[in-house]
Amino acid sequence: MNRSRTLVAGLILSGLLALVDVVTMPFGDGEHPPFAVAVVGAVLGLLTLAGVVLAWRGGRVGAVLVIVTRLLSGLSAVPAFFADGVPGPARGLAALGVVLTLAGVALVAPALRARA
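Please read these numbers as outputs of a predicted model, since none were measured by experiment.

A. Inspection of helix H3 (residues 60–77) at higher detail. The end-to-end C-alpha distance of H3, which contains 18 residues, comes to 26 Å, matching closely the 26 Å that a straight helix rising 1.5 Å per residue would cover. For H3, every residue scored as buried is listed here: Gly 62, Ala 63, Val 66, Ile 67, Thr 69, Arg 70, Ser 73, Gly 74 and Ala 77.

Here is the structure:
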């Protein structure tokens, strides 16, 4: 797998989002996000970081791991838009996280195309 500028940008963005996921757990109040969501996010963040390292080294499996874990992490933010009692700033951060997640996935995904 060729490490293009696009892939590097996607891996850096995904790695930063993963770090945010990992750091959110100990600093959350247990209510926003709920503790279970924070734990799942932290685990997904750690898996994303492992995928970033593997993809950086040229592993195709790493890129797949980054894409899958980032999409699952973004999906875990969706209930914030529908649940009652979620503060406006938390909804805004969830929206920003989803947009950045989709951008990271869009930057990493082209690296999975087969090379002729």
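B. Fine view of a nonpolar patch on the surface. A contiguous nonpolar surface patch, about 630 Å² in accessible area, is contributed by Val 64, Val 68, Leu 72, Leu 75, Val 78, Phe 81 and Phe 82. Tracing the backbone shows Val 68 in helix H3. The class of Val 68 is partly exposed, set by a relative accessible area of 42%.

C. Representation of the side chain of Asp 21 in the model. Structurally, Asp 21 can be placed in helix H1 (residues 5–27). Judged by its relative accessible area of 16%, Asp 21 is buried. Setting aside anything within four residues of it in sequence, one finds Asp 21 in contact with Gly 41, Ala 42, Gly 45, Arg 70 and Ser 73.

D. Summary view of the packing of H3 against helix H4 (residues 88–108). Closest axis-to-axis distance for the H3/H4 pair is 9 Å, and the angle between their directions is 160°. When the axes of H3 and H4 are compared, the pair comes out roughly antiparallel. When the axes of H3 and H4 are compared, the crossing they make is left-handed. Each of Ala 63, Val 66, Ile 67, Arg 70, Leu 71, Gly 74 and Ala 77 in H3 lies in contact with H4, whose residues at this interface are Ala 94, Val 98, Thr 101, Leu 102, Val 105 and Val 108. Tallied by class, the residues present in the contact of H3 with H4 amount to 10 nonpolar, 2 polar and 1 charged.

How each quantity is defined
Residues numbered from 1 in each chain as written. Predicted model: local features only at pLDDT ≥ 70, side-chain atom pairs only at ≥ 80, totals over all residues. Heavy atoms only, no water. Helix = DSSP H or I, 4+ residues; strand = E, 2+ residues; numbered from the N terminus. Expected span 1.5 Å × (residues − 1). Buried < 20%, exposed > 50% of the residue type's maximum accessible area, 1.4 Å probe, protein only. Patch = residues over 30% accessible without salt bridge, like charges linked within 9 Å, V, L, I, M, F, W, Y side chains within 5 Å. Areas by Shrake-Rupley, 256 points an atom, 1.4 Å probe, with all protein chains shown as cover. Salt bridge = Lys/Arg side-chain N within 4 Å of Asp/Glu carboxyl O. Contact = heavy atoms within 4.5 Å. Axes fitted to C-alpha atoms, helices over the stretch in contact; angles between N-to-C directions. Parallel < 35°, antiparallel > 145°, perpendicular 65-115°, else oblique. Left-handed = near helix turned anticlockwise from the far one by under 90°. Nonpolar A, V, L, I, M, F, W, Y, C, P; charged D, E, K, R; others polar.

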